[in-house]
Amino acid sequence: MNYPETKFPNVGLTIFSKMSALAVERGAINLSQGFPDYDGPQALLDSVALQVAQGHNQYAPMTGMPQLCSAIAKKVERLYGRSVDANTEVTVTPGATEALFAAISSTVRLGDEVIIFDPAYDSYRPAVELNGGIPISIPLLPPNFAIDWQRVRDTITPRTRMIIINTPHNPTGQVLSSADLDELERCVAGTDTLILADEVYEHLVFDGLEHQSVNRRASLAERSFVVSSFGKTYHVTGWRVGYCVAPAPLSAELRKVHQYVTFNTHTPLQCAIADFMQAEPDYPQTLPGFFSAKRDRLARGLEQSRFKLLNSSGTYFQLVDYTSISDLPDDQFVVWLLEQAGVAAIPLSPFYANGEQTGCVRLCFAKQDETIDQALEGLCSI
Ligand code: PMP
Ligand code: GLN
């Protein structure tokens, strides 16, 4: 038997899987892959058990449980002032990951260009390439990782099918401003370019800043897939429940992929999340205080270290510059750091198509205070 040649010569194991496996193997403190080391709200966890016991265990509707779609529509209206139809414009998916894949697969054709800002979350580029699209990278560089909008204007062509934005941004912790959305509006005005807005960290925005959802702007929303994830909002990344809000014609296309990739999303989890959203609509408002306290704890501790901190305004990630400690490339530095400090981090270069070396690595602070303190001991010892 001759196995077929790989379709994906450039795809290996993701950096998240690699670093988490290394952390487990070496018994290191894992600040690499982004997930909390504590549980979500008890009422939500209890509700899942109840939903299972009550028999909510069969297939959910392809587009999502009606009560969850309604709760999502209500939230979008309340927070961003956009009225969306729960039946035709909201689709619940097993994680934001599937929503991103379905949005890209349902619209990107052979030869279409897709603008991606690097460093970019790792799932975008392979999905574009799998569909015959051409990723066009625009680099964002430290310390601010700001978007050069003139460069975006110069990069858009009649073949630009889609622009992918991510705010708050993984891995840099930057958030787009209202002025950025003004620029985005100007860039796409008069074009048929779609926007894929990855807003999975929409509730993790700090220092009094506001999340600039594209759902706030009618002229952007009419051409956007807006993707979010309950994994981030409720500290349950392993549940993998996400969703996409998009105008009916775009949602209809996305559903054509979604219905044959997974068809639907775990029923008892959807029921539990819908109940929790109804009972605790303001829960997301607790997140900026909760997470910025963790960010600040890590930052205060790192004052005693040789790392230099970059600004983190959102997500649960903190970038640190290690250039006064080492001149190793970042993928080698994280291995050295694991061995010397017992702490796992994520290098930035895998998020750049050209493997850019920024001298920075990413630390996840969605951890119990004790975990952060233990990590600090290691990070301050080198
Ligand atoms: N986009 C970004 C920027 C992320 O950090 C993540 C987290 N894994 C995802 C998408 C995927 O979210 P989910 O776990 O809901 O699939
Ligand atoms: N989003 C998570 C991170 O950035 C990881 C998700 C994954 O493991 N694929 O760390």
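This text gives an overview of the structure that appears in the document. All values reported here derive from a predicted model rather than from experimental measurement.

### So, the packing of helix α1 (residues 15–26) against helix α13 (residues 330–341)
So, step 1. It is at 11 Å that the axes of α1 and α13 come closest, and there the two elements cross at 20 degrees. The orientation of α1 relative to α13 falls into the category roughly parallel. As α1 runs across α13, the sense of the crossing is right-handed. Contacts from M19, L22, A23 and R26 of α1 reach α13 at V334, V335, L338 and E339.
So, step 2. For the contact of α1 with α13, the per-class residue count stands at 6 nonpolar, no polar and 2 charged.

### Section: the site of ligand 2
So, step 1. The environment of ligand 2 is formed by F16, Q33, G34, Y121, N170, Y201, K232, F317 and R362.
So, step 2. For ligand 2, an oxygen atom lies 2.7 Å from a polar atom in the side chain of R362.
So, step 3. Alone, ligand 2 offers 290 Å² of accessible surface; in the complex the protein occludes 80% of this.
So, step 4. Grouping the constituent residues of the shell around ligand 2 by class yields 4 nonpolar, 3 polar and 2 charged.

### Notes on the side chain of S228
So, step 1. Relative to the elements of secondary structure, S228 occurs in strand β7 (residues 224–229).
So, step 2. Relative accessible area serves as the criterion here: at 3%, S228 is assigned to the buried category.
So, step 3. One polar contact links S228 to E202, side chain to side chain, over a distance of 2.6 Å.
So, step 4. Those residues in contact with S228 that lie beyond four places of it in its chain are A96, E199, V200, E202, G242 and Y243.

### Comments concerning the site of ligand 1
So, step 1. Inspection of the region around ligand 1 gives 13 residues, with T97, D198, Y201, K232 and R240 positioned closest.
So, step 2. T97 is positioned such that a nitrogen or oxygen atom in its side chain is 2.6 Å from an oxygen atom of ligand 1.
So, step 3. Within the side chain of D198, one N or O atom sits 2.6 Å away from a nitrogen atom of ligand 1.
So, step 4. Notes on ligand 1: free accessible area 390 Å², of which the protein chains cover 93%.
So, step 5. A breakdown of the residues in the shell around ligand 1 according to their chemical character gives 5 nonpolar, 5 polar and 3 charged.

### Things to note about the sheet that holds strand β6 (residues 194–198)
So, step 1. Read across the sheet, 7 strands follow the order β2-β8-β7-β6-β5-β3-β4 without closing on themselves; strand pairing throughout is mixed. Each having just a single partner strand, β2 (90–93) and β4 (134–139) make up the two edges of the open sheet. Pairwise comparison of adjacent strand axes, ignoring direction, gives a mean angle of 20 degrees for this sheet.
So, step 2. Sheet topology places strand β3 (residues 113–118) next to β4; 6 bridges connect them, and they run parallel. Residue pairing across strands places I115 opposite I136, the latter belonging to β4.

### A short note on the packing of aromatic side chains
So, step 1. The tally for this structure, following the rule as stated, stands at 19 aromatic pairs.
So, step 2. The interplanar angle of 45 degrees and the centroid separation of 5.6 Å between the aromatic rings of Y234 and Y283 together place this pair among those described as tilted. One end of the pair, Y234, is in the loop between α9 (230–233) and β8 (242–245); the other, Y283, is in the loop between α11 (267–279) and α12 (287–302), and 49 residues separate them in sequence.
So, step 3. For Y234, a relative accessible area of 3% translates into the label buried.
So, step 4. Looking at Y283, the relative accessible area reads 16%, which means it is buried.
So, step 5. Centroid distance F276 to Y283: 5.5 Å. Interplanar angle 70 degrees. Geometry classified as edge-to-face. Summarising the burial analysis for this pair, F276 and Y283 share the class buried.
So, step 6. Above the plane of the ring of F317 lies R362, whose end atom (NZ or CZ) is 3.6 Å from the centre.
So, step 7. Directly above the aromatic system of F35 lies the positively charged group of K367, at a separation of 4.1 Å from the ring centroid.

### Here we look at the environment of R78
So, step 1. Take R78: it is sitting in helix α3 (residues 66–80).
So, step 2. For R78, the contacting residues outside a window of four places in its chain are P281 and D282.

Analysis parameters
Residues numbered from 1 in each chain as written. Chains lettered and ligands numbered in written order. Predicted model: local features only at pLDDT ≥ 70, side-chain atom pairs only at ≥ 80, totals over all residues. Heavy atoms only, no water. Axes fitted to C-alpha atoms, helices over the stretch in contact; angles between N-to-C directions. Helix = DSSP H or I, 4+ residues; strand = E, 2+ residues; numbered from the N terminus. Parallel < 35°, antiparallel > 145°, perpendicular 65-115°, else oblique. Left-handed = near helix turned anticlockwise from the far one by under 90°. Contact = heavy atoms within 4.5 Å. Nonpolar A, V, L, I, M, F, W, Y, C, P; charged D, E, K, R; others polar. Near = heavy atom within 4 Å. Polar contact = N/O pair within 3.5 Å; in protein donor to acceptor, adjacent residues only side chain to side chain. Areas by Shrake-Rupley, 256 points an atom, 1.4 Å probe, with all protein chains shown as cover. Buried < 20%, exposed > 50% of the residue type's maximum accessible area, 1.4 Å probe, protein only. Pairing = 2+ DSSP bridges. Phe/Tyr/Trp six-rings, centres within 6.5 Å; stacked < 30°, edge-to-face > 60°. Lys NZ or Arg CZ within 6 Å of the ring centre and 35° of its normal.

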